[in-house]
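# Survey of secondary and tertiary structure
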Amino acid sequence: MSAAGRPRYGDLVHDRAARTPGAPALQDREGTYDWAGAAAGVDDAARRLLAIGVRPGDHVALWLGNSADWVLIAFAVFRIGGVLVPLNTRFRARDMAYVLAQSDSSFLIAESRSGPIDYMALIREVVRLPRAAEPVADPGFPALRHVVLTDAALPGTIAWDDIDPANADRTAIEARAAAVDPDAPAFIMYTSGTTGTPKGVVHSHGLVRNVEERAFRMRMTSSDIILDYLPLFHAFAFSEAMLMSAVTGARHIVTRSFEPGHCLDLIERHRVTVIHGFEAHMKGLAEAQEARPRDLSSLRTGIFAAGMLSATPVVRRGARALAPIVNLSGFGMTETWIGVALCSLDDDETRRCESSGHPALGYEVRIVDPERGTPCEPGRPGELQVRGRSMMLGYYRKPEETAASFVGGGWFRTGDTAVWLDDGYIRFLGRHRDMLKVGGENVDPMETEGLLLEDERVHQVAVVGCPDQELGEVPVAYVQPEPGCRLEAGDVIGICRGVIASFKIPRHVVFVDGFPMTESGKIRKEELRSDARRLEGTVP
């Protein structure tokens, strides 16, 4: 806690350790920490960072898979006044190089290898490393001073285990921690990049209150156990697992990846109470539980966005399979942070599966006509705009993009389409750019997706637009059948015919074995739109 009484991320683990030192805090496949051990782990990492020369305000890029090390190093960066730059583990050389340079990162902390991916080869592909453990001197990365590897000792890098924490004064950590400004940038989190170049979203330490208020609303306590299979570099896990654990004292179990059967086994074994995810996670867990039931009676709640028409049937099925979980729907994004809107634990199933929740404390929400800028009445879709105390400071080194994302009065333009419901709840309908215009008619592709997902032969589906000279654009359905199911284009169209309006029915059906996905489990529709353009002029 700062002298002014305002919380900072780097103090959270130590504050919790002072209250409940022996309570379980953090667990991964390598072992378990209590809160005293976690605080010691943060300080050990902080001394190593000081020993290699991390200064206040330095940007530290973290390119690790989910692990306790990720959590401890992140809190250590915060504790000594650095700025954390989480890197997407699905990045390859080009993406990593862009973010590393654009973020002005002074240090890159990475694994040499993760499974089949040789991260060190990717680093060498873009960074001119020195021959020995001396500073990097690459004009392509003028801010970069050192590459640190947590699992190897290789030429041109610093091995994490070879850094002697005794080379840093223990008292220096406390001095650095006390000097951290709660209003200063704390991390730069790059958007998932489903379209275009990722933008670095800058946030200060001011999100602690956001997490505390949601914890109160979700009745989170130190008795809760959070299973975290979402990637820590993403806002969802960063907020609802890592920060939530430190704020409430809940135990945080980290898995390396999302494997539904393994996650269900962990829920049963450790009596997990809280899980979160997107529809892909809910679908995977439901299918695995239906195939081999486990005892999930400990499950209490979790956030699974259900407002989208495509998500509603998935979440309904998942809630039944994962009973007694009380699933909550909500809305958030990296720029606005998590929980702009959220359901309540006592909401009925309709609200929890067919809405995106009620606007939360600290936020103002409006839905406006994107062309006129006038407010939309209930039932009329428009652009969702948000303002409040948890908003980003801006996009890093992108002043024009930052300015363009706001309109008068400090309203942030989310680029999402939503609608007010009659009870004051909102429903997120999808990205504005995902909406189709077929012969002058507005088409929400998620309505068609939701209908198709109700068919037991359809495993996953995404509907995008294909340019058409007569109608402007027409729907194209990309369909992944359930394993072992025979499905033809006529079957897909037959599911829709007579149920939805003719202009909403796909004019093309493309069968796929899988979808291009973001690490957080979202389909990269921009890639599908690019593929669909090849179908232009071939409408039957």
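Our subject in this report is the structure included herewith. Here the structure is a predicted model, which means the values were calculated and not measured.

### As for the sheet that holds strand E14 (residues 330-333)
Taken in spatial order, the three strands of this open sheet run E14-E15-E16, and their pairing is antiparallel. Strands at the two margins of the open sheet, each flanked by one partner only, are E14 and strand E16 (358-359). Both E14 and strand E15 (residues 337-342) contribute to a ladder of three bridges, which runs antiparallel. Residue pairing for E15: Gly 330 is matched across the bridge by Leu 342. Sheet strands touched by helix H7 (residues 208-217): E15 and E16. Its angle to E15, the strand with the most contacts, is close to 40 degrees.

### Digging into the packing of aromatic side chains
Counted by the stated rule, this structure contains 13 aromatic pairs. Residues Tyr 229 and Phe 258 carry aromatic rings whose centres are separated by 4.9 Å and whose planes lie at 50 degrees to one another, so their mutual orientation is tilted. Of this pair, Tyr 229 sits in the loop between strand E10 (225-228) and helix H8 (235-248) while Phe 258 sits in the loop between strand E11 (251-254) and helix H9 (260-270), and the two are 29 residues apart along the sequence. Three or more aromatic residues joined by ring pairs make a cluster, and in this case those are Tyr 9, Trp 70, Phe 75, Phe 78, Phe 187, Phe 238 and Trp 337. The ring of Tyr 395 has Lys 199 sitting right over it, with the charged end atom 5.1 Å from the ring centre.

### Here we look at the pairing of strand E22 (residues 426-431)
Extensive coverage of E22 is indicated by the burial of five of its six residues. Examined bridge by bridge, strand E21 (residues 411-420) and E22 share five bridges and lie antiparallel to one another. In the strand pairing of E22, Trp 420 is matched with Ile 426. Linking E21 to E22, which pair antiparallel, is a turn of five residues; within it Gly 424 sits at a positive phi near 90 degrees.

### Section: helix H14 (residues 445-453)
Counting buried positions along H14 yields eight of nine residues, so the element is predominantly enclosed. Taken as a whole, H14 has its buried residues at Pro 445, Met 446, Thr 448, Glu 449, Gly 450, Leu 451, Leu 452 and Leu 453.

### Description of the pattern of salt bridges
This model, assessed by the stated rule, comprises 38 salt bridges. Across the pair Arg 79 and Glu 174 runs a salt bridge whose closest N-O atoms are separated by 3.1 Å. Taken together, the positions of Arg 79 in helix H3 (residues 68-79) and Glu 174 in helix H6 (residues 170-178) put the pair 95 residues apart, joining distant regions of the chain. A residue is classified by how much of its surface remains accessible, and Glu 174, at 44% relative accessible area, is partly exposed. Residue Lys 283 is joined to Glu 482 by a salt bridge in which the shortest nitrogen-to-oxygen separation is 3.9 Å. Placement of Lys 283 in helix H10 (residues 279-291) and of Glu 482 in the loop between strand E26 (472-481) and helix H15 (489-496) is noted, with a sequence separation of 199 residues between them. Glu 482 shares its class with Lys 283; the two are buried. What you see here is one network of salt bridges that share partners, running through Arg 8, Asp 11, Asp 43, Arg 79 and Glu 174.

### Notes on the nonpolar core
By size, the foremost hydrophobic cluster in this structure holds 135 residues, and its most contacted members are Trp 70, Phe 75, Phe 187, Phe 238, Met 242 and Ile 275. Other than its neighbours up to four places away in sequence, Trp 70 contacts Leu 62, Leu 64, Gly 65, Leu 84, Pro 86, Leu 232, Phe 233, Phe 238 and Met 242. Of all hydrophobic cores here, the second largest spans 28 residues; its members include Tyr 119, Leu 122, Phe 141 and Val 202.

### Some words on empty space enclosed by the protein
Within this structure, the stated rule accounts for three cavities of 30 Å³ or more. What the largest cavity holds in volume is close to 80 Å³. Lining the largest cavity are 13 residues, with Leu 26, Trp 35, Val 71, Phe 75 and Ser 245 sitting closest to its centre. Residues belonging to the lining of the largest cavity are distributed by class as follows: 11 nonpolar, two polar and no charged. Estimated volume of the second largest cavity: approximately 50 Å³. Around the second largest cavity, the lining residues are Ile 226, Leu 227, Asp 228, Tyr 229, Leu 230, Phe 236, Ala 237, Glu 240, Ala 241 and His 276. Looking at which element gives the most residues to the lining of the second largest cavity, the answer is H8, with four residues.

### Quick word on helix H5 (residues 119-126)
Looking only at H5, the buried set comprises Tyr 119, Met 120, Leu 122 and Ile 123. On an axial view of H5, the arc spanned by its buried residues comes to 160 degrees, and they lie on one face. Each element contacted by the buried residues of H5 is listed here: strand E3 (59-63), helix H4 (93-102), strand E5 (107-110) and strand E6 (146-149). N-capping of H5 is provided by Asp 118, with a side-chain oxygen placed 3.2 Å from the backbone N of Met 120.

### Some points on the pairing of E15
By the criterion of burial, E15 is predominantly enclosed, with six of the six residues buried. Following E14, the chain reverses through three residues before pairing antiparallel with E15.

### Considerations on unusual backbone geometry
Residues Ala 323 and Pro 324 are joined by a peptide bond in cis, for which omega reads 20 degrees. The backbone of Arg 219 sits at a positive phi, close to 60 degrees, despite the residue not being glycine. Along the chain, Arg 219 turns up in the loop between H7 and E10. A residue is classified by how much of its surface remains accessible, and Arg 219, at 53% relative accessible area, is exposed. Within the chain, Arg 397 stands out as a residue other than glycine whose phi angle is a positive 55 degrees. Positionally, Arg 397 belongs in the loop between strand E19 (394-395) and helix H13 (399-404). Given the relative accessible area of 49%, Arg 397 is considered partly exposed.

### Comments concerning the packing of H14 against H15
Relative to each other, H14 and H15 sit at 110 degrees, their axes nearing to 9 Å. Judged by the angle between their axes, H14 and H15 are roughly perpendicular. Residue-level inspection shows Thr 448, Leu 451 and Leu 452 of H14 in contact with H15, the latter providing Val 492, Ile 495 and Cys 496. Here the contact of H14 with H15 is built from residues that sort into five nonpolar, one polar and no charged.

The rules behind each value
- The numbers attached to residues start from 1 for each chain and follow its sequence in the written order.
- Note on the predicted model: pLDDT of at least 70 is required for a residue's local features to be given, and 80 or more for side-chain atom pairs to be given and counted; whole-chain, interface and lining totals, by contrast, use all residues.
- Side-chain numbers come from the whole structure's heavy atoms, not from hydrogens or water.
- Each pair of strands is called paired provided DSSP finds at least two bridges between the two strands.
- Numbering of helices and strands runs from the N terminus, with a helix taken as a DSSP run of H or I at least four residues long and a strand as a DSSP run of E at least two residues long.
- In this description, contact between two residues means that some pair of their heavy atoms is separated by no more than 4.5 Å.
- Helix axes are fitted only over the stretch in contact, all axes being lines through C-alpha atoms; the angle between N-to-C directions runs from 0 to 180 degrees.
- Working definition: rings of Phe, Tyr and Trp (its six-membered ring) pair if their centres are within 6.5 Å, and the pair is stacked with planes under 30 degrees apart, edge-to-face with planes over 60 apart, and tilted otherwise.
- Comment: the charge-over-ring label is applied if NZ (Lys) or CZ (Arg) is within 6 Å of the ring centre and within 35 degrees of the ring normal.
- Only protein chains enter the accessibility calculation, which uses a 1.4 Å probe; a residue whose area is less than 20% of its type maximum is buried, one above 50% is exposed, and one in between is partly exposed.
- One speaks of a salt bridge when a side-chain nitrogen belonging to Lys or Arg is within 4 Å of a carboxyl oxygen belonging to Asp or Glu.
- The set of buried Ala, Val, Leu, Ile, Met, Phe, Trp, Tyr and Cys residues whose side-chain atoms join them within 4.5 Å is what this entry labels a nonpolar core.
- A pocket here means an open set of points on a 1 Å grid, computed over the protein atoms alone, that has protein on both sides within 12 Å along at least five of seven lines. A cavity is instead a set of points where a 1.4 Å probe fits but cannot get out; residues with an atom within 4 Å of a point line either one.
- Grid points are joined across faces, edges and corners, and a volume is the space filled by probe spheres set on the points.
- Throughout, the ten residues Ala, Val, Leu, Ile, Met, Phe, Trp, Tyr, Cys and Pro are labelled nonpolar, Asp, Glu, Lys and Arg are labelled charged, and all others, Gly among them, are labelled polar.
- The directions from the helix axis to the C-beta atoms form the arc being described.
- Whenever two N or O atoms come within 3.5 Å, that pair is a polar contact, provided that in protein one can donate a hydrogen and the other can accept it, and provided that, for residues adjacent in sequence, both atoms are side-chain atoms.
- Each angle receives one of four descriptions, namely roughly parallel if under 35 degrees, roughly antiparallel if over 145, roughly perpendicular if within 65 to 115, and oblique otherwise.

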